[in-house]
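# Residue-level structural notes
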Amino acid sequence: MNILSTFKRGFEPRSAVIGSAVYCEGDAFLDHSTTEEPGKRLKAVGVELRGPEGESWLVHSSRDTVLSAGAVNTPQILMLSGVGPAAHLRRLGIPVVVDLPVGENLHDHLNMPLYVTLELPVSVTTDKVLTFRQLRKFFLSGEGLLASSAVMGVGSAHRNISLVLFGMGSPDEKVMRDIANMKPQTFSGLFHFNGSNETSKEGFVMLASCLQPLSRGTVSLASRHPFTPPMIDPRYLQQPQDVACLVEAAQVAARVVSSPPFQRLGARLRLPRLEECEDLIPDPHDSGFLECVVRTVAITGYHPGGTCRMGRPRDATTVLDPQLRLGHPRDATTVLDPQLRSVDKV
Ligand SMILES: Cc1cc2nc3c(=O)[nH]c(=O)nc-3n(C[C@H](O)[C@H](O)[C@H](O)COP(=O)(O)OP(=O)(O)OC[C@H]3O[C@@H](n4cnc5c(N)ncnc54)[C@H](O)[C@@H]3O)c2cc1C
């Protein structure tokens, strides 16, 4: 099975970014020198755009202001606007508009890649992709192997464990290292490659993952400048349950590979050969070995979320209410007008 995907536009360079949301107190724009006064009613009235040279423009919104800049940049913009953990904002000299736990509660899916070789020629290899026929097919009809994300199947073992099968027999070293920040020796140990890319190997990568991780990280500001990327501390595997779950996910993947349908394709699980784990027995039943592998090769699934947590009002971890509006501030003296609050989404 080939799961269809749509690729329209890639990444575009930005000439300007949203620097902050602009808040208004009553009918007047918020004067940041007065933001920490008690008893204020606030609403978002637009955003400030900032250019790389420091130029800025105000864009007014006639109704709500919706922030949807992703799980990393939405908290960045909110914090630059003075909406965030008060102590963190004060440390950077940002006047506090509302004290809320923005940027906390970050979580992400961590994937454990397991490489499986195949005897039958059923996978996507670089040699099969880079042919005149495939190039022609893609440019004429937008179809074929070049239009594929190589995801051949997804499955769930139980509520918390998922498996994704990437039908790539010859993973590209540069791509893998770019998306996973992998060291060259980790790449070659994981895929059993000898130094260079192998472009005709038949096989696939099984990504074993846990859907509901318990570990929580943070997104915080590195500076007051909107073009400075925020700091991301994912704190993966901080909770022992997440380690145990990924070990179990890898064992489930190993069982799937040894099942009769995969065996008919000549599937063979290649356990990673890693310097970090060389004192341990390379055995899918050995949880100590698998834990070492998880800690060495697991990669982000690029599913960050939770940095503007939705929850019950007055819960100390809540940022957004169930209507995705900024929730009740920790500073009980500040009132965000229920009709006119900014709408922020992550
Ligand atoms: C490699 C990769 C593979 C993925 N695969 C899958 C998958 O198979 N299935 C799946 O469901 N999800 C997948 N995801 C996750 C999915 O892409 C995200 O969950 C989703 O895009 C999040 O949507 P969003 O609108 O919250 O944020 P984004 O898509 O990140 O959109 C935020 C937008 O805000 C813009 N922005 C940010 N800051 C500013 C600023 N200051 N000023 C102006 N604009 C700004 C950004 O340029 C961006 O256009 C993948 C992600 C990656 C990176």
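Residues numbered from 1 in each chain as written. Predicted model: local features only at pLDDT ≥ 70, side-chain atom pairs only at ≥ 80, totals over all residues.

Taking an unreviewed UniProt entry as the reference, the protein is identified by name as Glucose-methanol-choline oxidoreductase N-terminal domain-containing protein belonging to Timema podura. A UniProt comment under Sequence similarities (unreviewed entry) is attached to the protein, and it reads "Belongs to the GMC oxidoreductase family." (UniProt positions renumbered as here; feature names shortened; annotations may be inferred.)

As a further point, take the site of the ligand. Taken together, Val17, Ile18, Ser68, Ala69, Gly70, Asn73, Ile77, Pro226, Tyr302 and His303 form the complete shell of residues around the ligand. Only β1 (17–25) and α1 (70–80) provide two or more residues apiece to the shell around the ligand. The element contributing the most residues to the shell around the ligand is α1, with three residues. For the shell around the ligand, the class distribution of residues is six nonpolar, four polar and no charged. (Near = placed C-beta within 6 Å. Helix = DSSP H or I, 4+ residues; strand = E, 2+ residues; numbered from the N terminus. Nonpolar A, V, L, I, M, F, W, Y, C, P; charged D, E, K, R; others polar.)

Turning our attention to the nonpolar core. In this structure, Met112, Met206, Ala208 and Leu246 are the most contacted members of the largest nonpolar core, which totals 39 residues. Broken down by secondary-structure element, the contributors of at least two residues to this core are β8 (110–117), β10 (161–166), α6 (184–191), β11 (203–210), α7 (240–257) and α9 (287–297). Here the element with the most residues in this core is α7; it accounts for nine residues. Apart from residues lying up to four places away in sequence, Met112 is in contact with Leu207, Ala208, Ser209, Leu246, Ala249, Ala250, Val294, Val297 and Ala298. Formed by 24 residues, the second largest nonpolar core is a distinct cluster that contains Ala21, Ala44, Ile77 and Val102. (Core = buried A, V, L, I, M, F, W, Y, C linked by C-beta atoms within 7 Å. Buried ≥ 20, exposed ≤ 12 C-beta atoms within 10 Å, placed from the backbone. Contact = placed C-beta atoms within 7 Å.)

A separate point is the UniProt feature "domain: Glucose-methanol-choline oxidoreductase N-terminal" (unreviewed entry) in the protein. Within this structure's numbering, the places UniProt gives as "domain: Glucose-methanol-choline oxidoreductase N-terminal" (unreviewed entry) are residues 70–84. Secondary structure across residues 70–84 divides into 73% helix and 13% strand, with the first and last C-alpha atoms of the span separated by 16 Å.

The subject of this paragraph is α7. Along its 18 residues, α7 runs 26 Å from first to last C-alpha, staying within 8% of the 26 Å computed at 1.5 Å per residue. Taken together, the buried positions of α7 are Asp242, Val243, Cys245, Leu246, Val247, Ala249, Ala250, Ala253, Val256 and Val257. Contact partners of the buried residues in α7: β8, β10, β11, α8 (260–263), β14 (268–270) and α9. (Expected span 1.5 Å × (residues − 1).)

What follows is about unusual backbone geometry. Glycine aside, residues mostly have negative phi angles, and peptide bonds mostly take the trans form. Even without a glycine there, the phi angle at Arg235 is positive, about 45 degrees. As for its placement among the helices and strands, Arg235 is situated in the loop between β13 (231–233) and α7. For Leu237, which is not glycine, the phi torsion reads 60 degrees and is therefore positive. With respect to the secondary-structure elements, Leu237 resides in the loop between β13 and α7. Taking the C-beta count within 10 Å as the criterion, Leu237 has 19 such neighbours and is therefore assigned partly exposed.

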